[in-house]
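# A look at the structure
Single-letter residue listing:
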Amino acid sequence: MPSLKIAIQKSGRLNEKSVELLKNCGLSFENYKSSLISSVANFPLEILFLRDDDIPEYVQDGIADLGIVGENVINETGVDVHYLQRLGFGKCTLKIAVPNDSVFAHVKDLEGKAIATSYPVILKKFLDDNQVNATIRTISGSVEISPGLGLSDAICDIVSTGGTLRSNGLKPFADVLSSEAILIGKNGIGNHAIVKELLQRIQSVLKAKETKYVVLNVVRDNLDTILSLLPGVKSPTVVPLAEENWVAVHTVIQERDFWEKINKLKAAGAQGIVVMPVEKIIM
Ligand code: ATP
Ligand code: ZN
């Protein structure tokens, strides 16, 4: 089968997680920093290493069949591509921020003001949706210094911890877009056999990430209580132990309520709890 091409970020915030995801899908490839393209030895796929800003257009134009890129970049480039899978990493929020001492209370208060951003397309849409007329000053970097320099009244930029905002005397004011990394494909590629196979593998890796494999020991008398704490599981495996009246319970639990669950299991008499990562879950 002729191979497809997937574009991922060459270096930066999405590179490592993108490589890790593909490797966890069982794909074996070299990840030299110097090369622009790498073939996968055991899957019909070639990997293109690009600047993230170029990925949406490469996919739209079919130079790459697939791509992994932040939703912020996809929206900003305004391309026509197919969202195949949200990937749960590279999470960030595009926010409007204003100087600490400013008196803006509503988005409407931005009327007639100047906002500096590297995301003019997304910002324009947000302002239009909120029926606000403001001047958009497009700058490519260090957006957060522009109010201090008197170049703008506000900024619209990616905020993760807020540290950069604080050190520039700014405070978050409005959320414009929540973003994460997305697997995109050129239109029509979703039905391709290679894409279907890759998607199935990605989904099994993502599913496994949310899940832990747990083994615990419990006295038989407490077994019912323990099992009632594991409602999500169809039927946990219960194995008798060499020591009389003791059993081991094997089960999977979801990451989100992990600690709460473990504490309840302990309180109900679970002992020797062993927690293991799950590599893949094939449905
Ligand atoms: P390139 O050299 O590929 O153009 P870049 O400097 O534009 O890289 P990065 O800073 O590596 O981009 O960010 C890539 C993507 O990571 C962003 O577009 C965004 O989707 C996501 N991201 C996640 N957290 C953050 C963050 N704290 N700041 C900026 N981007 C983030
Ligand atoms: Zn970039």
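The chain is annotated in an unreviewed UniProt entry as ATP phosphoribosyltransferase from Olivibacter ginsenosidimutans. UniProt, in the comment section headed Pathway (unreviewed entry), describes the chain in these words: "Amino-acid biosynthesis; L-histidine biosynthesis; L-histidine from 5-phospho-alpha-D-ribose 1-diphosphate: step 1/9." The Sequence similarities (unreviewed entry) field of the UniProt record for the chain holds the comment "Belongs to the ATP phosphoribosyltransferase family. Long subfamily."

Tallied over the entire structure, the rule returns 11 salt bridges. For R86, the salt bridge goes to E180, with nearest N and O atoms at 3.0 Å. With R86 in strand β5 (residues 82–86) and E180 in the loop between β10 (170–179) and β11 (181–185), the pair connects residues that are 94 residues apart, well separated along the chain. For R86, a relative accessible area of 39% translates into the label partly exposed. Across the pair D128 and K124 runs a salt bridge whose closest N-O atoms are separated by 2.9 Å. With D128 and K124 both in helix α4 (residues 120–129) and 4 residues apart, the pair spans about one turn of that helix.

For a metal bound by four donors in tetrahedral geometry, the ideal donor-metal-donor angle is 109.5 degrees, whereas six donors in octahedral geometry ideally sit at 90 or 180 degrees. Every protein donor of the zinc ion (ligand 2) is accounted for by D52 (OD) and D53 (OD), and the metal-donor separations fall at 2.0 to 2.1 Å. Judged by its relative accessible area of 18%, D52 is buried. Given a relative accessible area of 36%, D53 falls into the partly exposed group.

Take the sheet that holds β11 next. Sheet strands pair by backbone hydrogen bonding; their relative direction is either parallel or antiparallel. Read across the open sheet, the 6 strands follow the order β2-β3-β1-β4-β11-β5; overall the sheet is mixed. Either end of the sheet is taken by a strand with one partner, and the two such strands are β2 (37–39) and β5. Mean inter-strand twist for the sheet, computed between neighbouring axes without regard to direction, equals 25 degrees. Looking at chain direction, β5 and β11 are connected through 4 bridges and run antiparallel. Residue H82 lies in a different strand from β11, and its bridge partner there is G185.

Regular strands place their side chains on alternate faces of the sheet. When strand β12 (residues 211–219) meets strand β14 (residues 246–254), the two strands line up antiparallel, connected through 9 bridges. Each residue of the ladder has a partner; that of V214, found in β14, is T251. Hairpin connection between strand β13 (residues 237–240) and β14: a loop of 5 residues separates the two successive antiparallel strands, and N245 in this loop has a positive phi of roughly 75 degrees.

Glancing now at the site of ligand 1. Taken together, the neighbourhood of ligand 1 is formed by 16 residues, with R13, R51, D53, N72 and S160 sitting nearest. In this structure, D53 approaches ligand 1 through a side-chain N or O atom, which is 2.7 Å from an oxygen atom. Considering ligand 1 on its own, with 630 Å² of exposed area, one finds that the protein chains cover 76% of that surface. Considering only residue class, the shell around ligand 1 consists of 4 nonpolar, 7 polar and 5 charged.

Conventions used here
- Residues numbered from 1 in each chain as written.
- Chains lettered and ligands numbered in written order.
- Predicted model: local features only at pLDDT ≥ 70, side-chain atom pairs only at ≥ 80, totals over all residues.
- Heavy atoms only, no water.
- UniProt positions renumbered as here; feature names shortened; annotations may be inferred.
- Salt bridge = Lys/Arg side-chain N within 4 Å of Asp/Glu carboxyl O.
- Helix = DSSP H or I, 4+ residues; strand = E, 2+ residues; numbered from the N terminus.
- Buried < 20%, exposed > 50% of the residue type's maximum accessible area, 1.4 Å probe, protein only.
- Donors = N, O, S within 2.8 Å, 3.2 Å for Na, K, Ca; no water.
- Pairing = 2+ DSSP bridges.
- Axes fitted to C-alpha atoms, helices over the stretch in contact; angles between N-to-C directions.
- Near = heavy atom within 4 Å.
- Polar contact = N/O pair within 3.5 Å; in protein donor to acceptor, adjacent residues only side chain to side chain.
- Areas by Shrake-Rupley, 256 points an atom, 1.4 Å probe, with all protein chains shown as cover.
- Nonpolar A, V, L, I, M, F, W, Y, C, P; charged D, E, K, R; others polar.

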